[in-house]
Amino acid sequence: MLLKFCRTLLIFFYANVIVVQAFASNLSPIKTYSAQDGLSQTSVSDIIQDKQGFVWIATQAGVDRFDGYSFVNSEKFNSNGTGRQFVLDLEEDPSTGDIYMVSRSLLQKYNQSTAKIEAIDLPLVDTQLNLNYYHIDQDKHHILATNKGIFLREDIQQAYKLISQADTNFYVKDIVLQNGILWFATTNGLYTYNVKSKDWRFAGLDQYSINAIEFINENEAWLGTNGDGILIIDTLSSSPYIKSSLTLAQGLINDIVTDLTPMSNDELWIGTSGGISIINKKTGEISNRALPFNDSDVSHSITTLYKTNKGLIFYGTFASGFGIFDQRANLIEQYKIPSVARTFMIETGRSNEYWATSDRGLWKFDTDRNTSGPFGYEHNAPYHTQNNILVTEYDAANDTIWVGTGTGLAKFDKEKQLLVHVDFDGIRTFPVKNADDGKLWIGTRNNGVYHYDPMSKQVLKHYDIDSVSNLFFESKNKLWISTFNGLFLVDPETDEQTIFMHDANKLTSIHSNDITSVSKDSKGNYLVGTQSKGLSLLQFEPTENKAKFTPLFTDTILGSLSIGAVVEDEAGYYWLTTTKNIARISPNFTNIQFFDSRDGANASGYFIGGYAKDNNGIIYFSGPEGISIIDPAVFETSTEMPKLQFTDLKVVQKNINDLTSSYAIGSAISADNTKPLELTPNDLMFTVSFAAIEFGNPESIQYQYRLVGFQNRWQKSENGVRKATFSNLDPGSYTLQIQSTNRYGDWNPEYTELAINVAAPWYQTTLAKFIFLILIVVLLYVLFTWRTYSLKRQSQVLSKKVVQKTEELQLANTKLQQLSTVDPLTSIFNRRGFNQEIDKMFKNSFDKNVCYGVLLLDVDNFKQVNDNHGHNAGDKTLTNIATFLRENLPTGSILGRWGGDELIMVLQADNMMDISKEALIIRQAIEKTPMPIESGEVNVTVTIGVTQLTRGNKLERAIVAADKLLYEGKKAGRNKVVCAGAVF
């Protein structure tokens with residue numbers, strides 16, 4: 001029944017001032033495993049441990065591999081469907097680590113490198129063999145015992161050879177190689193085989209059925225028999241003879257001896273049908289160990305014993321599974337006062353004297369565990385029925401034992417050997433502390449804290465502080481009072497009080513108001529224990545009244561435990577009692593170790609303040625199950641770390657109905673973890689299970705892991721989970737690293753790792769990327785070529801369009817030029833165009849050796865033509881004249897319409913006379929040429945004024961001069977050419 005521990009219990013029942021959750025069960029150092037724990041079958045025939053640390057258990061349902069937590073049956077490793085056969089014997093090949101499994105008609109081998117079970121070819125293949133034993137000795141001889149004889153294979157490459165008679169009427173139970181001789185323990189006596197001489201012979205004792213043989217030395221062997229106990233024989237003589245025997249009469253637990261296993265401390269463990277006997281080979285002392293199954297004889301029947309490389313003893317039973325003896329369970333000595341259910345407090349008295357309180361009174365014992373008590377009140381004295389003693393305190397100066405009880409303060413009368421009531425009638429006095437001056441400090445539940453003089457029975461001081469759990473009198477001006485309402489520091493000289501309370505907004509405040517203890521170490525550090533919040537380091541500056549509380553080891557289970565007591569040993573280590581265990585902290589607060597019931601500590605914890613430390617440095621802790629005794633000077637824990645192994649692999653794949661595929665760990669992950677785990681693109685998620693091979697206390701092992709390449713931060717496994725799961729990893733290489741502690745909480749600096757390769761999908765492979773790259777290059781080239789062609793084509797089209805547009809523009813410009821420089825009626829230059837041509841002539845082609853003349857022509861009586869024939873006829877006439885002149889003027893001439901019916905020309909000749917003659921020809925030609933109009937023809941004449949054009953004589957002046965000459969011609973009767981006063 002679980003006794004619920006809570007604050008209410010501590011406040012209202014100080015007689016049970018417990019800082020633990022108490023359990024009524026009595027835990028044994030023996031661990032047992034049966035079908036309900038996962039074992040395939042409970043009839044165990046053999047047990048061995050392989051090189052990897054796994055333990056293999058042979059049963060009637062095959063072989064189970066055990067890692068300290070769970071079982072894996074051999075059928076998982078067996079592809080031939082023979083995994084559930086009755087296995088009689090197991091043997092490990094020391095050179096390869098392979099496990100040989102002997103069934104009645106089948107010999108198989110578990111191959112460590114492939115994690116598969118393979119069938120082994122048997123001798124006499126045409127004969128039905130009944131197998132019963134397999135042995136590999138230190139010289140690597142393989143021996144197979146069958147009903148058709150004993151077969152030997154001296155080398156793994158050789159075949160089995162018969163070394164005994166062809167037919168045997170016995171079963172081999174044990175084989176030992178001693179000085180080149182193979183000794184066979186059988187159901188029909190002893191047999192030997194000389195490996196060198198190949199001599200097989202019967203050694204005698206055929207009246208005995210021998211189950212086990214163990215050589216004590218070269219001259220003596222012990223034989224375990226089936227009903228005759230142990231026979232001790234002399235092996236030097238040609239016919240071994242019995243020197244003596246050990247039977248039930250000499251102290252064996254049973255005469256049916258099934259196995260013998262020597263230990264390193266001169267002990268020989270003897271498996272029998274009634275349990276286990278342990279004999280000291282030097283002294284002959286025998287102790288017996290019954291098994292914690294049930295009372296039926298068959299449950300106590302031992303079938304096999306096996307000692308692991310760490311000194312654990314595995315034992316198999318006929319019908320109740322198997323169990324484990326852990327020799328390390330005696331690490332902490334446990335002392336239980338006879339007939340006392342609970343030991344509350346313990347105190348050291350004089351040399352070799354210890355005082356303990358209980359619900360039955362006061363007890364005294366010495367270093368030899370000689371115990372006297374209980375001591376209570378005198379009969380008929382007040383409170384004589386109240387023997388619920390809570391606390392004891394020794395006043396060395398006055399050699400007085402003070403006792404706090406549920407009904408007041410008492411002391412021990414050494415003469416009367418009784419308790420004598422002193423004061424505080426009816427008040428539960430706990431705790432009681434000596435002030436080193438004969439005065440006492442006394443805490444109570446509801447009546448405050450007292451400074452009391454027992455000699456005068458006077459209260460010297462009183463502080464109204466209730467719910468006191470502990471007192472620490474540091475000095476005359478420092479009294480620490482632990483309560484469930486905070487921590488109080490009182491200066492008894494000034495009565496000044498300082499209260500430390502939890503403040504959620506202040507990280508350096510005390511992290512709980514439920515205080516169980518305060519102590520000060522040799523370095524001046526204060527250590528504060530709390531209820532369910534672990535331990536804190538207090539840094540206190542009294543002059544400045546500053547306090548900083550730092551919780552210790554919050555990343556371990558200590559952070560959630562209640563602290564009963566803190567004791568510093570001579571080497572500076574700190575020993576703590578807690579809710580579940582005892583802890584040891586290194587002097588620099590860097591490391592913590594835990595010791596639980598499997599190391600000898602109380603399973604149900606310890607009481608607040610229940611400790612004592614004697615002059616030899618030995619520490620005593622009191623609790624519901626008795627007193628735990630620790631001698632730090634000789635306390636040693638193994639620094640060996642458990643071997644960490646990968647135990648299973650599960651992979652979830654895509655696009656399959658059964659999403660989870662389970663692989664044998666050896667085939668998926670090599671036994672030595674050198675082969676990487678290869679995952680395909682179809683593997684969606686994988687889970688790797690692992691275990692540190694620790695059979696004594698596997699629950700205490702802590703784990704953490706990380707996947708390098710994915711996350712470099714260590715991830716702690718919580719609540720005993722021993723697996724790591726990852727999904728949707730990117731293609732690449734990763735390394736899974738696993739780290740564990742030993743059973744005491746020390747982290748292994750080394751870690752086990754597994755390389756993991758995640759293959760890329762086909763489209764992410766190097767070849768695919770190369771192909772994609774080629775395709776991209778080709779595509780880019782095609783796009784570039786097409787684009788280039790397209791741009792070139794567009795450029796060509798655009799060029800054509802540009803040329804076309806340019807031509808159109810040029811044409812338009814030409815037309816525009818024409819519109820601005822050509823007369824639209826006569827298609828000759830207008831005045832603007834004529835002036836531009838003259839400017840060009842002067843710039844580009846003016847020749848000073850050539851004579852240039854300006855001719856200004858006007859149609860005579862042109863108005864009459866318009867009046868008589870219409871304006872169209874006038875326009876037509878003017879157009880005809882212009883066309884005639886354009887067609888008949890000499891090369892280099894410039895013709896234009898100056899305005900109205902006036903035309904202007906610039907002619908070139910050698911002199912002005914020639915120009916005047918040319919003007920005369922023009923006049924005469926027009927006169928003689930009829931001009932066609934719509935109504936017929938019309939004859940017209942013209943008058944021309946001629947003047948010379950030079951660089952000095954600008955065009956404007958030349959035109960003005962020509963116009964004057966034209967006017968003179970008009971006055972002269974028209975149809976004239978006038979040049980420099982000459983009229984033609």
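Note: the structure precedes this text.
An account of the accompanying structure is given in this report. Computed from a predicted structure; not experimentally measured.

Focus on the pattern of salt bridges
Turning to step 1, where the next piece is worked out: Going through the model one piece at a time under the given rule, you end up with 24 salt bridges.
Turning to step 2, where the next piece is worked out: Note that D67 is salt-bridged to R722, the shortest N-O span being 3.9 Å. Taken together, the residues span a long stretch of sequence, with D67 in the loop between β6 (62-66) and β7 (71-73) and R722 in the loop between β64 (711-716) and β65 (723-727) at a distance of 655 residues.
Turning to step 3, where the next piece is worked out: Owing to a relative accessible area of 4%, D67 belongs among the buried residues under this scheme.
Turning to step 4, where the next piece is worked out: Linked through salt bridges whose partners overlap, the residues forming this network are D326, D599, E694 and R743.

Topic: helix α6 (residues 871-888)
Turning to step 1, where the next piece is worked out: Under the 1.5 Å per step criterion, the end-to-end length of α6 is 26 Å for 18 residues, consistent within 8% with the ideal 26 Å.
Turning to step 2, where the next piece is worked out: When α6 is considered as a whole, its buried residues turn out to be A873, G874, T877, L878, T879, N880, I881, A882, F884 and L885.

Topic: the sheet that holds strand β63 (residues 703-708)
Turning to step 1, where the next piece is worked out: Pairing in this open sheet of five strands is mixed, and the strands run β61-β67-β66-β63-β64 from one edge to the other. In this open sheet, the two edge strands, each paired with only one partner strand, are β61 (677-679) and β64. Going across the sheet, the axis of each strand differs from the next one's by a mean of 20°, ignoring polarity.
Turning to step 2, where the next piece is worked out: Relative to strand β67 (residues 752-758), β61 runs parallel, the two sharing three bridges. What sits directly across from L679, in β67, is V758.

With respect to the sheet that holds strand β16 (residues 172-178)
Turning to step 1, where the next piece is worked out: Judged by pairing direction, the sheet is antiparallel, and its four strands sit side by side in the order β16-β17-β18-β19 without closing on themselves. The sheet is open, and its two borders are formed by β16 and β19 (199-204), each paired with just one other strand. Neighbouring strand axes in the sheet, compared pairwise and without regard to direction, differ in orientation by 20° on average.
Turning to step 2, where the next piece is worked out: By the bridge criterion, five bridges tie strand β18 (residues 189-194) to β19 in an arrangement that is antiparallel.

Digging into the nonpolar core
Turning to step 1, where the next piece is worked out: One finds L855, L857, L885, I922, I926, I944 and V946 to be the most contacted residues of the largest nonpolar core, which totals 33 residues.
Turning to step 2, where the next piece is worked out: Sorting the residues of this core by element identifies β68 (851-859), α5 (862-869), α6, β70 (902-909), α7 (912-928), β71 (931-933), β73 (942-949) and β74 (977-979) as the ones contributing at least two each.
Turning to step 3, where the next piece is worked out: In this view, L885 contacts L857, L895, L903, M905, I922 and I926; residues no more than four positions away in its chain are not counted.
Turning to step 4, where the next piece is worked out: Judged by nonpolar contacts, the second largest core, of 28 residues, contains F66, V87, M101 and I324.

Structural notes on the packing of aromatic side chains
Turning to step 1, where the next piece is worked out: This structure, assessed with the given rule, holds 51 aromatic pairs.
Turning to step 2, where the next piece is worked out: Geometrically, the ring pair formed by W480 and F500 is stacked, given 6.2 Å between the ring centres and 20° between the ring planes. One end of the pair, W480, is in strand β45 (residues 478-483); the other, F500, is in strand β47 (residues 496-500), and 20 residues separate them in sequence. Taken individually, W480 and F500 each receive the classification buried, so the pair is uniform in this respect.
Turning to step 3, where the next piece is worked out: Here F690 and Y705 contribute two aromatic rings whose centre-to-centre distance is 6.4 Å and whose plane-to-plane angle is 55°, an arrangement assigned as tilted. Separated by 15 residues along the polypeptide, F690 in strand β62 (residues 683-692) and Y705 in strand β63 bring together distant segments of the chain. Comparing F690 with Y705 shows no difference in burial state: the two are buried.
Turning to step 4, where the next piece is worked out: Taken together through their ring pairs, the aromatic side chains of Y69, F686, F690, Y703, Y705, F710 and F726 make up a single cluster.
Turning to step 5, where the next piece is worked out: The lysine or arginine in question, R706, covers the ring of Y751, its NZ or CZ lying 6.0 Å from the ring centre.

Quick look at unusual backbone geometry
Turning to step 1, where the next piece is worked out: Here the residue pair G373 and P374 is connected by a cis peptide bond, since its omega of 5° sits within 30 degrees of zero.
Turning to step 2, where the next piece is worked out: Residue placement: P374 occurs in strand β35 (residues 371-375).
Turning to step 3, where the next piece is worked out: In this structure, N975 is a non-glycine residue whose phi angle is positive, near 55°.
Turning to step 4, where the next piece is worked out: Tracing the sequence through the fold places N975 in the loop between α8 (955-971) and β74.

Things to note about helix α3 (residues 766-821)
Turning to step 1, where the next piece is worked out: Counted at 1.5 Å a residue, the expected span for α3 with its 56 residues is 82 Å, and the 77 Å between its end C-alpha atoms agrees.
Turning to step 2, where the next piece is worked out: Looking at α3, one finds that the buried residues are A768, S790, S820 and T821.
Turning to step 3, where the next piece is worked out: Buried residues belonging to α3 abut α4 (831-845).

So, the packing of α5 against α6
Turning to step 1, where the next piece is worked out: Between α5 and α6, whose axes approach to 6 Å, the crossing angle comes to 135°. Classified by the angle between their axes, α5 and α6 sit oblique to one another. Of the residues in α6, those touching α5 at F862, V865, N866 and H869 are H871, A873, G874, D875, T877 and L878.
Turning to step 2, where the next piece is worked out: Its residues assigned to classes, the contact of α5 with α6 shows four nonpolar, five polar and one charged.

Some points on the state of the cysteines
Two cysteines, two sulfur atoms, one covalent bond between them: this is a disulfide.
Turning to step 1, where the next piece is worked out: On inspection of all chains with the given rule, the structure shows zero disulfides.
Turning to step 2, where the next piece is worked out: Unpaired in this structure, C851 has its nearest cysteine sulfur neighbour in C979, at a distance of 8.7 Å.
Turning to step 3, where the next piece is worked out: For C851, a relative accessible area of 5% gives the class buried.
Turning to step 4, where the next piece is worked out: Judged by relative accessible area, C979 falls into the buried class, the value being 8%.

Parameters and conventions
- Residues numbered from 1 in each chain as written.
- Predicted model: local features only at pLDDT ≥ 70, side-chain atom pairs only at ≥ 80, totals over all residues.
- Heavy atoms only, no water.
- Salt bridge = Lys/Arg side-chain N within 4 Å of Asp/Glu carboxyl O.
- Helix = DSSP H or I, 4+ residues; strand = E, 2+ residues; numbered from the N terminus.
- Buried < 20%, exposed > 50% of the residue type's maximum accessible area, 1.4 Å probe, protein only.
- Expected span 1.5 Å × (residues − 1).
- Pairing = 2+ DSSP bridges.
- Axes fitted to C-alpha atoms, helices over the stretch in contact; angles between N-to-C directions.
- Core = buried A, V, L, I, M, F, W, Y, C linked by side-chain atoms within 4.5 Å.
- Contact = heavy atoms within 4.5 Å.
- Phe/Tyr/Trp six-rings, centres within 6.5 Å; stacked < 30°, edge-to-face > 60°.
- Lys NZ or Arg CZ within 6 Å of the ring centre and 35° of its normal.
- Parallel < 35°, antiparallel > 145°, perpendicular 65-115°, else oblique.
- Nonpolar A, V, L, I, M, F, W, Y, C, P; charged D, E, K, R; others polar.
- Disulfide = S-S within 2.5 Å.

Read these as geometric descriptors, not functional statements.
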